[in-house]
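Working through the structure, step by step
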Amino acid sequence: MYDPSHLRTFLTVAQTLSFTQAARRLGLRQSTVSQHVRRLEDATGRQLFARDTHSVELTEDGEAMLGFARRILEVHEQATAFFTGTRLRGRLRFGASEDFVLTRLPEILEGFRSDHPEVDLELTVELSGTLHEQLAAGKLDLVLAKRRPEDPRGEPVWHDELVWIGAERLRLDPDRPVPLIVYPPPGITRALAMEALERQGRAWRVACTSGSLNGLIAAARAGLGVMAHSRGLIPPGLVRVSDRAGLPELGRVDFVLVHGHRRTSAQSAADALAAAILAGGDRLHRR
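Nothing here was measured: the structure is a model prediction, and the numbers come from that model.

Before going further, it helps to spend a moment on the overall build of the protein. Counting its secondary structure elements, the protein contains nine helices and 11 strands. For the protein, the C-alpha radius of gyration of 21 Å lies close to 19 Å, the compact-globule estimate for 287 residues. Each principal axis of the C-alpha atoms in the protein carries an extent, and together these give about 65 × 45 × 30 Å. By the burial criterion, 47% of the 287 residues in the protein qualify as buried. Within the protein, residue pairs in contact and separated by at least 24 positions form 77% of the contacts whose partners lie at least 6 positions apart. Both charge centroids of the protein, one from 38 positive and one from 36 negative side chains, sit 1 Å from each other.

The next thing to look at is the nonpolar core. Looking at soluble globular proteins, one finds that nonpolar side chains tend to be buried together. By size, the foremost hydrophobic cluster in this structure holds 45 residues, and its most contacted members are F94, L144, W164, L273, I277 and L284. At seven residues, helix 9 (residues 264–279) tops the list of elements feeding residues into this core. Beyond its immediate stretch of four places on either side in the chain, F94 contacts L109, L121, E122, L123, T124, L140, L142, V143, L144, L273 and I277.

Let us now look at unusual backbone geometry. A cis amide bond links P185 with the next residue in sequence, P186, at an omega value of 5 degrees. With respect to the secondary-structure elements, P186 resides in the loop between strand 7 (178–182) and helix 7 (188–200).

A full pass over the atoms with the stated rule returns nine salt bridges. Taking the shortest distance from any N to any O, the salt bridge between D61 and R46 comes out at 3.0 Å. With a gap of 15 residues between them, D61 in helix 4 (residues 60–84) and R46 in the loop between helix 3 (30–44) and strand 1 (49–51) connect regions that are remote in the sequence. For D61, a relative accessible area of 30% gives the class partly exposed. A salt bridge links R91 to E122, with the nearest nitrogen and oxygen atoms 2.8 Å apart. Here E122 lies in strand 4 (residues 119–126) and R91 lies in strand 3 (residues 90–97), a separation of 31 residues in the sequence. Residue classification places R91 among the partly exposed residues on the basis of a relative accessible area of 41%. Linked by salt bridges that have partners in common, E161, R231 and R240 make up one network.

This part takes up the side chain of T16. Within the element layout of this structure, T16 appears in helix 1 (residues 4–16). According to the relative accessible area criterion, T16 is buried, its value standing at 15%. Leaving out residues up to four positions away in the same chain, T16 has contacts with Q21, A22 and R25.

In the case of a regular strand, side chains alternate between the two sheet surfaces. In terms of residue burial, strand 11 (residues 252–259) counts as a mostly covered element, since six of its eight residues are buried. Relative to strand 11, strand 5 (residues 142–146) runs antiparallel, the two sharing five bridges. Bridged to L144 within strand 11 is L257. As defined by bridge partners, strand 6 (residues 155–166) adjoins strand 11 across six bridges and the pair is classed as antiparallel. Each bridged residue has a counterpart across the sheet, and for E161 the counterpart in strand 11 is R252.

What counts and what doesn't
- Residues numbered from 1 in each chain as written.
- Predicted model: local features only at pLDDT ≥ 70, side-chain atom pairs only at ≥ 80, totals over all residues.
- Heavy atoms only, no water.
- Helix = DSSP H or I, 4+ residues; strand = E, 2+ residues; numbered from the N terminus.
- Rg over C-alpha atoms; globule rule 2.2 N^0.38 Å.
- Buried < 20%, exposed > 50% of the residue type's maximum accessible area, 1.4 Å probe, protein only.
- Contact = heavy atoms within 4.5 Å.
- Lys, Arg positive; Asp, Glu negative; His and termini not counted.
- Charge placed at Lys NZ, Arg CZ, Asp CG, Glu CD.
- Core = buried A, V, L, I, M, F, W, Y, C linked by side-chain atoms within 4.5 Å.
- Salt bridge = Lys/Arg side-chain N within 4 Å of Asp/Glu carboxyl O.
- Pairing = 2+ DSSP bridges.

Dropping the structure here:
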């Protein structure tokens with residue numbers, strides 16, 4: 001039998017690819033995280049992670065274990081809820097950033113709805129900056145979005161690198177302003193892209209503005225310009241812009257879960273959905 005606590009630890013390490021970050025998220029010592037993984041590997045008789053002093057990666061068997069671990073934990077939690085008589089109810093206002101439109105977030109939400117049919121889940125899809133504003137105004141209970149540079153709050157779901165992307169055939173003229181495809185204010189990647197170009201002293205112009213990710217993708221596929229985007233979420237039909245274009249580094253971005261001002265009716269449901277997203281967070285950037 002596989003110990004649920006070992007499976008939860010495994011999923012957290014698989015999501016963060018860091019024993020240190022997994023220990024911090026789980027509130028455990030790093031040695032305990034290592035012990036959980038080692039015991040799970042002993043139980044399976046397989047190596048689940050390839051690790052050295054600098055990196056942690058899932059092995060082929062580790063990739064296979066991801067699906068098994070999620071299903072085992074889902075059934076375990078369903079059984080616990082059934083026999084303890086605890087059923088979540090109430091209205092939960094959840095906001096997800098546009099970045100997740102093309103990911104497998106719907107699978108996580110479908111599983112949550114199946115496990116908690118009496119929760120009235122209300123989904124808002126918006127720009128990360130707008131979601132943070134709505135959360136602060138008390139209009140949302142839980143948000144999954146990019147972390148704002150000036151705001152330290154939020155539980156990390158994963159870290160990623162921001163990169164420039166565009167159509168494969170796109171060629172930038174070094175003597176002309178960089179054509180940008182951006183969200184409108186308060187788009188977080190919009191601000192980061194413009195600030196990076198200004199630090200480099202590179203001229204730019206806005207070639208397309210859209211509040212819809214699909215609108216930005218259409219403009220990029222048409223070759224209208226470049227856009228700043230998470231490396232793990234590059235849409236089909238677009239590629240990373242070559243370093244030969246000389247565009248500046250954009251740095252990293254954190255995708256976080258942030259709770260709002262907690263209301264009694266939404267607190268338990270928000271906690272349960274946050275736990276489901278953290279458990280299945282790797283599905284948000286693995287197609």
